[in-house]
Amino acid sequence: MVDIAQQAALPPASAKDAVAARVPLTTIDPGQWRALAQRAIEPNGYYLPAWELAVSASARGRTSASALPVFDGTSTRLIGLMPVISLWQALKIPLPALVSAHPYGTLCSPLIDCDAPIEVAARLLQQARQAGAHALVLNDVALDGAAMNALVQALSRDGLKPRVLSSYKRASLDATQDAETLLREALGARKLKELRRQRHRLEEHGPVRFEVARRPDEIGPALETFLQLEASGWKGKRGTALVQHAGDAAFIRRAVPALAETAQCEIITLRAGTTAVAAGIVLHHQDRAFFFKLGIDERFARYSPGVQLTLDLTRHLCADPTIASADSTASADHPMINPIWRGRFAIGDVLVPLRRHDPVVALVHGALAAHGIAYAAARRAVRLLRK
C-alpha cells in the first residue's frame, strides 16, 4: 500500500487534507438532522441522528465518524448529509478517498433533501472534493434507490460514472400486501402447516404471545431481554453479541431508547409463557421498517422461534398503515428471512470518481480489489482452521 501511495505522485499532505477538512458528526445540529431525515428522498433508519451518533460515539470499530454536510443558501437549513471516514481509517489504505461511515446496520445511503435532490447530490460531491478526496467509496447503498440515482445524475453532469465494486440481492417486504396471502404465496400451505404444528408444540411451554415494545418505559426491559437472547446463542459463542463488548453495548443502550422517544424503534418479542424465546430490534424511518437484529433461545430451536417471530413481524408490519415496506438488512441468501420475505432489491459497494481522468481513482480501485482478495483469503483460512 505504501508503493501505491507513492505511485499516486500526490503531495504528502493530500491524504491528511481530507481528514482536516471534514466536519465532525457531533457538530451537526440534531434537530436539523432529524428534519432532513423526514424530508429525505430515501429512508435510512441507520443514518437517523440518534442511531448514527451513538454508533460513532462508542461502537467497536465505528467511532469518530465525520460528515459531508450541505446547507441551503441561507446556511441555516441542512439539505444533505453523508457520514464518512477516511480510506485510511476504514481499511488502512493511504490514498485520498472517503468511505461511508458504517452505521452497524447494512445500509449507507446518504440523506438527500427531496426538494432538489440532484443539486444536493452535486453539492455533496463538491464537498468531498473540497475535503481533498479524489473518490468516494459508498458501501452498502441501494443501487436503484433514490439517493444513488441522484448521485448518478449529478455525476453525469461532469461526465463521470460510478463503478459498482460488488453487489447482491437483499430480501425485503412489501408491507402493503395482505400478510396471510403473502405468507401463503411465499411458504406454501405445507410449510405453513408445519410451522403451525411447531407453534402448537411451543404452546406446551405456556401461551405463545407476540409483544411489541414501543414506549420508552417498555423499551429498556425489552432491549435487555433481546441482548440476553443474542448473547445466549451462536453469536455469544463467537464473541460477536452486542452485550459482549462495552462499546457496542453502550451504543445500543443509547440508540434504542433515544429512537423510542421519537417512535422510530420497537422491540418485538415472542414468549412461551413467561419465557422469551426470540426477540428482534426494528427501526422505523418514514414509511419503511428496518429489521436490525434477531436473537433466539436455542433451547427452543426445534420450534423455529426465529421464523415464528418473523411471521408475527410480517403480520404486524402489514397491518400498520404507516409502513409500506421493510428492509431485512440481511446478507445475501439469508437462510431464514429469504424464504419469507420474497421481495428483492440490489445492494452494493460503489466507487465514485470525483474528477475526470484521475489516475488516483484507478489506484483506489486497485487497492480495494487487493484488499478484498486478501480479506477473502483470510476468511477461507479461518474456516479451514475451524474444521
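In what follows, the accompanying structure is described. Everything quoted here is computed from the prediction, not taken from an experiment.

### Quick word on the packing of aromatic side chains
Alright, step 1. Summed over the entire model, instances satisfying the criterion amount to 9 aromatic pairs.
Alright, step 2. Consider the rings of Tyr46 and Phe290, whose centres lie 5.7 Å apart with planes at 65 degrees: the pair is edge-to-face. One end of the pair, Tyr46, is in the loop between α3 (30–39) and α4 (49–58); the other, Phe290, is in strand β11 (residues 288–296), and 244 residues separate them in sequence.
Alright, step 3. Its relative accessible area of 0% is what places Tyr46 among the buried residues.
Alright, step 4. Where Tyr104 meets Phe251, the ring centres are 5.2 Å apart and the plane angle is 20 degrees; that geometry is what we call stacked. Residue Tyr104 is located in the loop between β4 (97–100) and β5 (111–112), and its partner Phe251 is located in helix α11 (residues 246–261); the two are separated by 147 residues in the primary sequence. Exposure class is identical for Tyr104 and Phe251. Each is buried.
Alright, step 5. One aromatic cluster is present, built from ring pairs that chain together Tyr46, Trp51, Tyr104, Phe251, Phe290 and Phe292.

### Topic: the layout of surface pockets
Alright, step 1. In this model, the second largest pocket occupies a volume close to 220 Å³.
Alright, step 2. What lines the second largest pocket is a set of 15 residues, and nearest its centre among them are Ala263, Gln264, Cys265, Glu266 and His284.
Alright, step 3. For the lining of the second largest pocket, the elements supplying multiple residues, two or more each, are β9 (265–272) and β10 (275–285).

### Here's the deal with the pairing of strand β2 (residues 66–71)
Alright, step 1. A large share of β2 lies buried, amounting to 5 of its 6 residues.
Alright, step 2. Where strand β1 (residues 23–24) meets β2, 2 bridges bridge the pair, whose relative direction is antiparallel. Its bridge partner being in β2, Val23 is matched across the sheet by Ala67.
Alright, step 3. Strand direction decides the pairing type here: β2 and strand β3 (residues 78–86), joined by 6 bridges, are antiparallel. Each bridged residue has a counterpart across the sheet, and for Ser66 the counterpart in β3 is Val84.

### Details of the environment of Arg196
Alright, step 1. By the secondary structure assignment, Arg196 is in helix α8 (residues 179–202).
Alright, step 2. Distance in space between the C-alpha atoms of Arg196 and Tyr303 is 9.6 Å, their sequence separation being 107 residues.

### Focus on the pairing of β9
Alright, step 1. Counting buried positions over the 8 residues of β9 gives 8, a clear majority of the element.
Alright, step 2. Residues Cys265, Ile267, Thr269 and Arg271 line one face of β9 and the alternating positions Glu266, Ile268, Leu270 and Ala272 line the opposite face, and both faces are buried.
Alright, step 3. The pairing of strand β8 (residues 208–213) with β9 spans 6 bridges and is antiparallel. Bridge pairing in β9 links Ala213 to Ile267.
Alright, step 4. Bridge analysis of β9 against β10 gives 8 bridges, and the strand direction is antiparallel. Among the inter-strand pairings, Ala272 is bridged to a residue of β10, identified as Thr275.
Alright, step 5. Turn length for the β9-β10 hairpin, with the two strands adjacent in sequence and antiparallel, is 2 residues, and the turn residue Gly273 shows positive phi of about 65 degrees.

Scoring rules and cut-offs
- Residues numbered from 1 in each chain as written.
- Predicted model: local features only at pLDDT ≥ 70, side-chain atom pairs only at ≥ 80, totals over all residues.
- Heavy atoms only, no water.
- Phe/Tyr/Trp six-rings, centres within 6.5 Å; stacked < 30°, edge-to-face > 60°.
- Helix = DSSP H or I, 4+ residues; strand = E, 2+ residues; numbered from the N terminus.
- Buried < 20%, exposed > 50% of the residue type's maximum accessible area, 1.4 Å probe, protein only.
- 1 Å grid on protein atoms, 1.4 Å probe; cavity = no way out; pocket = protein on both sides within 12 Å on 5 of 7 lines; lining within 4 Å.
- Points joined across faces, edges and corners; volume = space filled by probe spheres on them.
- Pairing = 2+ DSSP bridges.

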